[in-house]
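Given next are the chains, with one letter for each unit.
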Amino acid sequence: MSLFWRMFSLNAAGLVVAAALLLGPVTVSTPVLPAEAVVVVVGLAVLLVVHAVVLRIGLAPLGRLGRAMAAADLLSPGRRAVVGGPVETAGLITTYNAMLDRLEAERATSAGRALSAQERERQRIARELHDEVGQTLTAVLLQLKRVADRVPADLLAEVGQAQDATRAGLDEVRRIARRLRPGVLDELGLLSALRALAAEFTEHGLTVRPDLGPALPPLTPEAELVVYRVAQEALTNTARHAAADRAGLVLRAAPGGVELVVRDNGRGPGAAREGAGIRGMRERALLVGGRFTLGAVAGDGSGTPDTVAGPSSPSAPGGTEVRLWVPSAGETAVQTPATVPAADTAVTATTPADGRPPRRPTPQGETR
């Protein structure tokens, strides 16, 4: 029954009962006797209670809809309000759920276009850095070599310093180009790219332990790029903000796809607001139909998630754990809408999204 007819029926019943009492043998004395006053008060109270119960039941779905709307997050798709209640309320909730479907589809499409454009721009800049700036610096090195063969002995030290500075600049350009578009990912595959990534961060003072499982299911090129970028962002976040000295980089087979886990033994994400880096990882995961989670862990976060060192204790340092699941090639990621009325509490962090080398340590007051 619709909310309108519920309210109409209740009011009509009250009016019919009142009219029957007025036309019937029931009378009210003047002045009103105590027994008659009790009957009137009880009848009015019963009518008000029934009215309140009907309103509570009829408007409860609107309360659930309000909580679902407050908890809606396009970066965590699949959450839907429970369809129920009177016809009008159920229609409103159904329309809201359909609107969320359209918004999520449009956001996924726009995010995919933006990320694809970003990757193309990264590839273009990396190619220009390698081909233009890299070749120019190489030519400068060759010229400095010829100059070093001809200058007097008292100038050799200065020319040598210029050569060292040019070599350092050339190495930096090559490193930036690799981070913008890892050639090893295209040439040797995901596992080799992740090993090179772990070695690169280890050189900057963070010990990264890679654990890359054998016989992984095949992934699409887009999914491989998402896995690599999420691992890169997670390790950058660890090196810059976590105050950690060890981290684990795990890639293993999972039901229907592949799971990436990056875990450190730092101070954890805390209560910082979610920044562009974490949002970017979420959007990349959604782009390939994957699932992304970030949370705090207790104890030593280095190593694999299942073999971390020892049980955690209240005094043990915390850490951050990033998990990414992506479907294998040929699999279709199906997201089942959740019909919970309230939002879950999420632990978020802020990660820089640029390609600059990590710097450690970070001041204690800086947010993740």
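Just so it is clear, the structure is predicted and the values come from calculations on it, not from any experiment.

> I'm lost on the side chain of arginine 284 in this one. Help?
Relative to the elements of secondary structure, arginine 284 occurs in helix H8 (residues 276-287). Residue classification places arginine 284 among the buried residues on the basis of a relative accessible area of 8%. Contact partners of arginine 284, with chain neighbours within four places excluded, come to Leu115, Gln118, Glu119, Val226 and Arg229.

> It is not clear to me how the packing of aromatic side chains should be interpreted in this structure. Could you clarify?
Scanning the entire structure with this criterion turns up 0 aromatic pairs. Sitting over the ring of tryptophan 325, arginine 291 keeps its end group 4.3 Å from the ring centre.

> Would you mind showing me how to read unusual backbone geometry here?
One non-glycine residue, alanine 215, lies in positive phi territory at about 55°. Relative to the elements of secondary structure, alanine 215 occurs in the loop between strand S1 (207-212) and helix H7 (221-241). A relative accessible area of 76% places alanine 215 in the exposed class. Of note in this structure, alanine 243 is not a glycine but carries a positive phi near 55°.

> What's the story with the environment of methionine 281 in this structure? I'm lost.
Within the element layout of this structure, methionine 281 appears in helix H8. Residue methionine 281 is classed as buried on the basis of its relative accessible area of 2%. Through-space distance from the C-alpha of methionine 281 to that of valine 226 is 8.1 Å; in sequence the pair is 55 residues apart. Sequence-distant contacts of methionine 281, defined by excluding residues within four places in its chain, comprise Val230, Glu233, Ala234 and Phe292.

> I would appreciate a short explanation of the packing of helix H6 (residues 190-203) against H7 in the present structure.
In helix packing, the relevant descriptors are the interaxial angle and the interaxial distance, both defined with respect to the helix axes. Contact geometry of H6 with H7 gives a least axis separation of 11 Å together with a crossing angle of 10°. As judged from the angle between their axes, H6 and H7 are roughly parallel. Across the interface between the two elements, Leu190, Ala193, Leu194, Leu197 and Phe201 from H6 touch Glu224, Val227, Tyr228, Ala231, Gln232, Leu235, Thr236 and Ala239 from H7. Tallied by class, the residues present in the contact of H6 with H7 amount to 10 nonpolar, 2 polar and 1 charged.

> What is the right way to read the pairing of S1 from this model?
A regular strand places its side chains so that they alternate between the two faces of the sheet. Relative to strand S2 (residues 246-254), S1 is paired through 6 bridges, and the arrangement is parallel. Within the sheet, the bridge partner assigned to aspartate 211 lies in S2 and is valine 250. Of the crossover connections in this fold, the one passing from S1 over H7 to the parallel S2 is left-handed.

> Got a minute to help me understand the nonpolar core in this structure?
Nonpolar side chains tend toward joint burial in soluble globular proteins. Within the largest apolar cluster, 38 residues are counted, with the highest numbers of intra-cluster contacts made by Leu194, Leu249, Leu260, Phe292 and Leu324. Taken together, the elements giving at least two residues each to this core come down to H6, S1, H7, S2, strand S3 (257-264), H8, strand S4 (291-298) and strand S5 (318-327). Examining the composition of this core, we find that 10 residues originate from one element, H7, more than from any other. Other than its neighbours up to four places away in sequence, leucine 194 contacts Leu212, Tyr228, Ala231, Leu249 and Leu251. Leu129, Leu170, Val173 and Ala177 belong to the second-largest nonpolar core, a separate cluster that totals 8 residues.

> It is not clear to me how the pattern of salt bridges should be interpreted in this structure. Could you clarify?
Think of it this way: side chains of opposite charge can pair up when their charged atoms draw near. A complete count under the given rule lists 12 salt bridges for this structure. For the salt bridge of aspartate 164 with arginine 167, the shortest nitrogen-to-oxygen distance reads 3.2 Å. Linking aspartate 164 with arginine 167, this pair stays in helix H4 (residues 156-180), spanning 3 residues, or about one helical turn. Accessibility expressed as a relative area gives 39% for arginine 167, which makes it partly exposed. Glutamate 200 is the partner of arginine 175 in a salt bridge, and the nearest nitrogen-oxygen pair spans 3.9 Å. You can see arginine 175 sitting in helix H4 and its partner glutamate 200 sitting in helix H6, a full 25 residues away along the chain.

> Mind showing me how you'd approach H8 here?
Residues three or four positions apart in an α-helix share a direction because the helix packs 3.6 residues into each turn. In a regular helix each residue adds 1.5 Å, so 12 residues correspond to 16 Å; H8 covers 16 Å between its end C-alpha atoms and thus fits that length. Within H8, burial applies to Gly277, Ile278, Met281, Arg282, Arg284 and Ala285. Considered in projection along H8, the buried side chains sweep an arc of 160° and stay on one side of the axis.

> I'm lost on the pairing of S3 in this one. Help?
For S3, a buried count of 8 out of 8 residues is recorded, marking the element as mostly surrounded by other parts of the structure. Both S2 and S3 contribute to a ladder of 8 bridges, which runs antiparallel. Bridge pairing links glycine 248 to arginine 263 in S3. Taking the residues that link successive antiparallel strands as the turn, the S2-S3 hairpin has 2 residues, and the phi of glycine 256 there is positive, at about 80°.

Rules behind the numbers
- Residues numbered from 1 in each chain as written.
- Predicted model: local features only at pLDDT ≥ 70, side-chain atom pairs only at ≥ 80, totals over all residues.
- Heavy atoms only, no water.
- Helix = DSSP H or I, 4+ residues; strand = E, 2+ residues; numbered from the N terminus.
- Buried < 20%, exposed > 50% of the residue type's maximum accessible area, 1.4 Å probe, protein only.
- Contact = heavy atoms within 4.5 Å.
- Phe/Tyr/Trp six-rings, centres within 6.5 Å; stacked < 30°, edge-to-face > 60°.
- Lys NZ or Arg CZ within 6 Å of the ring centre and 35° of its normal.
- Axes fitted to C-alpha atoms, helices over the stretch in contact; angles between N-to-C directions.
- Parallel < 35°, antiparallel > 145°, perpendicular 65-115°, else oblique.
- Nonpolar A, V, L, I, M, F, W, Y, C, P; charged D, E, K, R; others polar.
- Pairing = 2+ DSSP bridges.
- Right-handed = clockwise from strand over helix to strand, strands pointing away.
- Core = buried A, V, L, I, M, F, W, Y, C linked by side-chain atoms within 4.5 Å.
- Salt bridge = Lys/Arg side-chain N within 4 Å of Asp/Glu carboxyl O.
- Expected span 1.5 Å × (residues − 1).
- Arc of directions from axis to C-beta.

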